[in-house]
Amino acid sequence: MTTEMQEIAITEEKPLLTGQAETKDAEAAARILLDQGQEHSIETPHGVLHVTLHGTRTTRRPAILTFHDVGLDSKSCFSPLFKFEEMQEIVKNFTLIHVDAPGQDEGAAAYPASYQYPSMDTIAEMIPSVLQFFNFRTVIGVGVGVGAYILSEFAIANPDSVEGLVLVNVDPNARGWIDWAAQKLSSVTSSLTEQILSHLFSQEEMSSNTTLVQSHRERISKASNLVNMELFWKTYNSRRDLNIDRNNSFKCPVMLVVGDQAPYEEAAVECNSKMDPTTTSFLKMADAGGLPQLTQPAKLTEAFKYFIQGMGYMASSCMTRLSRSRTTSLSSSYSMDGSRSRSRTLSQGSQGGQMPPSPSQTMEVSC
């Protein structure tokens with residue numbers, strides 16, 4: 001009896017402490033869950049997509065929806081950018097939806113030899129199911145390489161669902177005969193891993209065999225779903241021309257991003273020349289190779305903040321470290337009434353004030 005009473009007494013002495021501990025444990029678990037993300041397998045009319053959601057499903061603002069490049073998945077393509085310290089000001093205000101192309105998520109099972117991989121058009125048609133699943137009406141798209149092409153298709157086909165686009169290393173053109181022949185030769189003389197690396201990185205980065213190149217070479221060559229990567233790669237090389245011009249373009253603000261040494265620098269410049277200058281910003285990053293979101297996340301974060309502010313979100317957000325350290329040079333022409341022209345050039349290393357870009361102006365930036 002005494003033992004039982006003591007056990008009861010001990011139980012009654014700790015309810016508050018236990019409750020506090022449980023609360024802290026729950027908060028810690030919630031933080032871990034938000035950091036790691038909530039993984040979902042979403043059924044679409046064309047198959048299943050692996051999607052990772054970060055943050056709460058608040059639909060008061062558009063979600064930020066990302067799509068990765070070939071040879072990467074959502075984690076390897078975007079984690080360094082969205083976990084960057086100064087990006088947290090954006091992350092805490094928006095829900096992040098990271099979409100993996102079919103069979104490209106880490107640890108995905110290899111497709112059988114008879115599997116017919118979906119086309120670029122078909123993958124773009126799978127994205128509306130993701131929005132419906134999470135009950136988001138609109139998104140801000142962030143795509144890299146192949147992902148930029150897919151989100152471009154999605155935005156053109158679903159203009160009311162996209163409030164803004166950030167397209168890194170986009171090439172909206174179909175492969176020409178010269179490119180097709182070069183790809184055929186490359187497929188004979190180079191391994192699949194080296195072909196993908198040449199797509200991801202600049203010649204300078206490949207020649208220098210940087211640490212980043214080495215790490216991705218090892219990861220891709222040892223991937224259990226390398227067969228799936230090859231299918232994704234071949235599908236991209238068979239893409240159609242999006243026929244972008246000022247009359248057949250996007251209905252939302254667009255920021256084009258490319259490194260000045262990137263493999264797709266010329267394609268991005270050409271794309272910018274075809275875009276509506278009233279809704280397009282062009283960011284060319286100095287001394288940047290093929291994956292600026294990995295090598296220069298600070299600069300891309302700052303540009304992204306300006307882009308979102310130009311859309312009317314986070315108006316009170318302050319530019320932090322870079323805005324204090326970066327100086328700007330503005331090349332502008334003014335009319336007699338003092339209005340600024342739509343074309344501006346910003347670069348580091350000269351004196352000037354900060355001027356957040358508006359979606360209503362084309363901006364060429366060398367930073």
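Under an unreviewed UniProt entry, the name given to the protein chain is Protein NDRG2, and the organism recorded is Zoarces viviparus. The UniProt entry for the protein chain carries the following text under Sequence similarities (unreviewed entry): "Belongs to the NDRG family."

> Even after reading the chapter, I still don't get the nonpolar core, so can you show me in this structure?
When a protein is soluble and globular, its nonpolar side chains tend to lie buried together. Core analysis: the biggest nonpolar cluster contains 92 residues, and I97 and F304 have the highest contact counts within it. No other element matches helix α5 (residues 120-134), which puts eight residues into this core. For F304, the contacting residues outside a window of four places in its chain are I64, F82, M87, I90, I140, V142, V166 and M255.

> Can you walk me through the pattern of salt bridges in this structure?
When the charged atoms of two side chains with opposite charge come close together, those side chains can pair. Taken as a whole and judged by the stated rule, the model has nine salt bridges. Here R240 and D121 are joined by a salt bridge, their closest N and O atoms 3.1 Å apart. Within this pair, whereas R240 is found in the loop between α11 (226-237) and β7 (254-259), its partner D121 is found in helix α5, the two being separated by 119 residues in sequence. We classify R240 as partly exposed; its relative accessible area is 42%. On the accessibility criterion, D121 (28% relative accessible area) is partly exposed.

> Can you help me understand unusual backbone geometry in this one?
Glycine aside, negative phi is the norm for most residues, and most peptide bonds take the trans geometry. In this structure, N135 is a non-glycine residue whose phi angle is positive, near 65 degrees. Its location among the elements puts N135 in the loop between α5 and β5 (139-144). Unlike most non-glycine residues, N243 shows phi in positive territory, near 55 degrees. Here N243 shows up in the loop between α11 and β7. Among the residues examined, N243 registers a relative accessible area of 48% and is labelled partly exposed.

> Would you explain the side chain of S161 in this entry?
Tracing the backbone through its elements, the reader meets S161 in the loop between α6 (146-157) and β6 (162-168). Not counting residues within four places of it along the chain, the set of residues in contact with S161 comprises L131, R137, T138, V139 and F154.

> Where do I start with helix α3 (residues 74-82) in this structure?
Working note: α-helix, 3.6 residues per turn, so residues spaced by three or four point in the same direction. Listed as buried for α3 are S74, S76, C77, F78, L81 and F82. For α3, the N-terminal capping position is held by D73, with its side-chain oxygen 3.1 Å away from the main-chain nitrogen of K75.

> Please clarify how the environment of V91 should be interpreted in this entry.
When you line up the elements, V91 lands in helix α4 (residues 88-91). Excluding its chain neighbours within four sequence positions, the residues that come into contact with V91 are F82 and L96.

> What exactly am I supposed to notice about the packing of helix α8 (residues 192-200) against helix α10 (residues 211-221) here?
Helix packing for two helices is described by the angle between their axes and how far apart those axes are. For the pair α8 and α10, interaxial distance at closest approach is 10 Å and the crossing angle is 140 degrees. By the angle between their directions, the pair α8 and α10 is classed as oblique. Note that α8 runs across α10; the crossing there is right-handed. Contacts from T193, E194, I196, L197 and L200 in α8 reach V213, H216, R217, I220 and S221 in α10. In terms of residue class, the contact of α8 with α10 is built from five nonpolar, three polar and two charged.

> Help me out: how do you make sense of the packing of aromatic side chains in this one?
What characterises a pair of aromatic rings is the spacing of the ring centres plus the angle enclosed by the ring planes. Enumeration over the complete set of coordinates arrives at nine aromatic pairs. Ring geometry for F133 versus F134: centroids 5.0 Å apart, planes at 90 degrees, classification edge-to-face. Assessed through its relative accessible area of 38%, F133 is described here as partly exposed. In this structure F134 comes out as buried when scored by relative accessible area, which is 2%. Ring centres 6.2 Å apart and planes at 80 degrees place the aromatic pair Y149 and Y236 in the edge-to-face group. In this pair, Y149 sits in helix α6 while Y236 sits in helix α11, placing the two residues 87 residues apart along the sequence. Geometry around F94 places R61 over its ring, the cationic atom sitting 5.2 Å from the centre. In this structure, R239 packs its charged tip against the face of Y236, placed 4.0 Å from the ring centre.

Thresholds, definitions, all that
Residues numbered from 1 in each chain as written. Predicted model: local features only at pLDDT ≥ 70, side-chain atom pairs only at ≥ 80, totals over all residues. Heavy atoms only, no water. UniProt positions renumbered as here; feature names shortened; annotations may be inferred. Core = buried A, V, L, I, M, F, W, Y, C linked by side-chain atoms within 4.5 Å. Buried < 20%, exposed > 50% of the residue type's maximum accessible area, 1.4 Å probe, protein only. Helix = DSSP H or I, 4+ residues; strand = E, 2+ residues; numbered from the N terminus. Contact = heavy atoms within 4.5 Å. Salt bridge = Lys/Arg side-chain N within 4 Å of Asp/Glu carboxyl O. Polar contact = N/O pair within 3.5 Å; in protein donor to acceptor, adjacent residues only side chain to side chain. Axes fitted to C-alpha atoms, helices over the stretch in contact; angles between N-to-C directions. Parallel < 35°, antiparallel > 145°, perpendicular 65-115°, else oblique. Left-handed = near helix turned anticlockwise from the far one by under 90°. Nonpolar A, V, L, I, M, F, W, Y, C, P; charged D, E, K, R; others polar. Phe/Tyr/Trp six-rings, centres within 6.5 Å; stacked < 30°, edge-to-face > 60°. Lys NZ or Arg CZ within 6 Å of the ring centre and 35° of its normal.

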